[in-house]
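What the coordinates show
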Amino acid sequence: MDSQFIRFVVLPKEFSFYSNLDKDQIEKYKYPTRLNAGLFMIILKGKCELSINLESYIITEESIVTVMPNSIIQMNNYSEEFDAYYLVMVPGYMNDIVLIQSIMPHLSTIMENPVLNIESKKDRDLFLDYCKIFQRIYERQQANPATEIIQSLMSTLIYGLLKIWEVRKNNLPDDYIGKLSRKEAIYHQFMLCLLKHYREERAVSFYANKLCISAKYLSAVIKDIRAKSVLALINEAVILDAKAQLKNSNLTIMQISDSLNFSNPSFFTKYFKRHTGMTPKEYRIS
């Protein structure tokens, strides 16, 4: 089966399943990592600080994590006993039209709540039991994989998560509707736009124009929601990508500079050092 690299982790072309992670496997996500696949994490034990698309979350034994394709993640402080089930799936692997249509109304909720805390022990145990069955079937299918079986198992998991997302969405407080939800909508539209365009565009006005609002209003909304400036989030996205490429690839500084649309490597080096305190070369060998 063809493989593709996400940092130093070799993933099967379409789908993979991991459990009982050792420290070396967890350390591979120590640096910013852009995923070209969707990721589900069901925490078995311990806790960890996880950054998803520039936002930090504390994940525990109550957490189920959903990371959309093309997200940037970084795993920071984690407890010694931390372990989780990882289910990784490239876009297009799930071709169930009904399932896709079921997900679409909840997409914004998923983006807003990548980390779900399952308070009911019975519900947590149900997901864990499901993963144990999933693991046995997946391992048995390795030699002669049956795509339909894996897809059916994934559909069951996603439908279960959809129920949780639906409850979360229905339980939003009344004051979420109106001004706050409008600001939240703008914020999430901005983040989607940022993750799509940050390699080419670093001007606040570009994102404001894309959202059909003024740069001043966009800045006010982002400051209110994230307590950061729009420019700060743009810079964070660029630096995270640069760090991922420096640690994850053999690309030259010039090639990385070009990929992030800098006019020349010298300007990229100054930009990187201004935001990290190190040159790209120093960061690569650190």
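In case you missed it, the structure is sitting above this.
This is a predicted model, so every value here is computed, not measured.

Things to note about the overall build of the chain
A tally of helices and strands in the chain yields twelve helices and eleven strands. For the chain, buried positions account for 45% of its 286 residues. Within the chain, contacts between residues separated by at least 24 positions form 72% of all contacts whose residues are at least 6 apart in sequence. When the accessible area of the chain is evaluated, it comes to approximately 15,000 Å², of which 53% is carbon and sulfur surface.

Comments concerning empty space enclosed by the protein
This structure, assessed with the given rule, holds two cavities of 30 Å³ or more. There is about 50 Å³ of room inside the second largest cavity. Along its surface, the second largest cavity is lined by Ile42, Ile43, Glu61, Glu62, Ser63, Ile64, Ile118, Arg124, Phe127 and Leu128. Those elements giving two or more residues to the lining of the second largest cavity turn out to be strand E5 (38-45), strand E8 (63-67) and helix H4 (121-141). Looking at the lining of the second largest cavity element by element, the count peaks at three residues for H4. Of the residues contributing to the lining of the second largest cavity, the split by class is six nonpolar, one polar and three charged.

Re the nonpolar core
Most often, soluble globular proteins keep nonpolar side chains buried together rather than apart. Counting 33 residues, the largest nonpolar core has Phe190, Leu194, Tyr198, Tyr207, Leu218 and Leu260 as the members making the most contacts within it. Elements with a contribution of two residues or more to this core: helix H6 (179-197), helix H7 (204-210), helix H8 (215-226), helix H9 (230-248) and helix H11 (265-276). In terms of residue count, the dominant contributor to this core is H9 (nine residues). For Leu194, the contacting residues outside a window of four places in its chain are Leu54, Tyr207, Leu233, Ile234 and Ala237. One finds Leu87, Met89, Tyr130 and Ile164 within the second-largest nonpolar core, a separate group that totals 24 residues.

A short note on the pairing of strand E10 (residues 83-89)
Burial analysis of E10 places seven of its seven residues in the buried class, which makes it a mostly covered element. The side-chain alternation of E10 yields two buried faces, one formed by Asp83, Tyr85, Leu87 and Met89 and the other by Ala84, Tyr86 and Val88. Bridge count between E5 and E10: seven bridges; the pairing is antiparallel. If you follow Phe40 over to E10, its bridge partner there is Leu87.

Remarks on the side chain of Ser79
As for its placement among the helices and strands, Ser79 is situated in the loop between strand E9 (72-78) and E10. Looking at Ser79, the relative accessible area reads 17%, which means it is buried. Once residues lying within four places of it in the same chain are set aside, the contact partners of Ser79 are Gly46 and Lys47.

So, the pattern of salt bridges
All told, the structure shown has four salt bridges when counted by the stated rule. Ionic pairing is found between Lys183 and Asp224, a salt bridge with its closest N-O pair at 2.9 Å. Separated by 41 residues along the polypeptide, Lys183 in helix H6 and Asp224 in helix H8 bring together distant segments of the chain. Residue classification places Lys183 among the buried residues on the basis of a relative accessible area of 19%. In this structure, the salt-bridge partner of Arg199 is Asp241, at a minimum N-O distance of 2.8 Å. One end of the pair, Arg199, is in the loop between H6 and H7; the other, Asp241, is in helix H9, and 42 residues separate them in sequence. Of the residues examined, Arg199 reaches a relative accessible area of 28% and is grouped as partly exposed. For Asp241, a relative accessible area of 3% translates into the label buried.

Cut-off values and rules
- Residues numbered from 1 in each chain as written.
- Predicted model: local features only at pLDDT ≥ 70, side-chain atom pairs only at ≥ 80, totals over all residues.
- Heavy atoms only, no water.
- Helix = DSSP H or I, 4+ residues; strand = E, 2+ residues; numbered from the N terminus.
- Buried < 20%, exposed > 50% of the residue type's maximum accessible area, 1.4 Å probe, protein only.
- Contact = heavy atoms within 4.5 Å.
- Areas by Shrake-Rupley, 256 points an atom, 1.4 Å probe, with all protein chains shown as cover.
- 1 Å grid on protein atoms, 1.4 Å probe; cavity = no way out; pocket = protein on both sides within 12 Å on 5 of 7 lines; lining within 4 Å.
- Points joined across faces, edges and corners; volume = space filled by probe spheres on them.
- Nonpolar A, V, L, I, M, F, W, Y, C, P; charged D, E, K, R; others polar.
- Core = buried A, V, L, I, M, F, W, Y, C linked by side-chain atoms within 4.5 Å.
- Pairing = 2+ DSSP bridges.
- Salt bridge = Lys/Arg side-chain N within 4 Å of Asp/Glu carboxyl O.

Taken by themselves, the reported measurements are silent on function.
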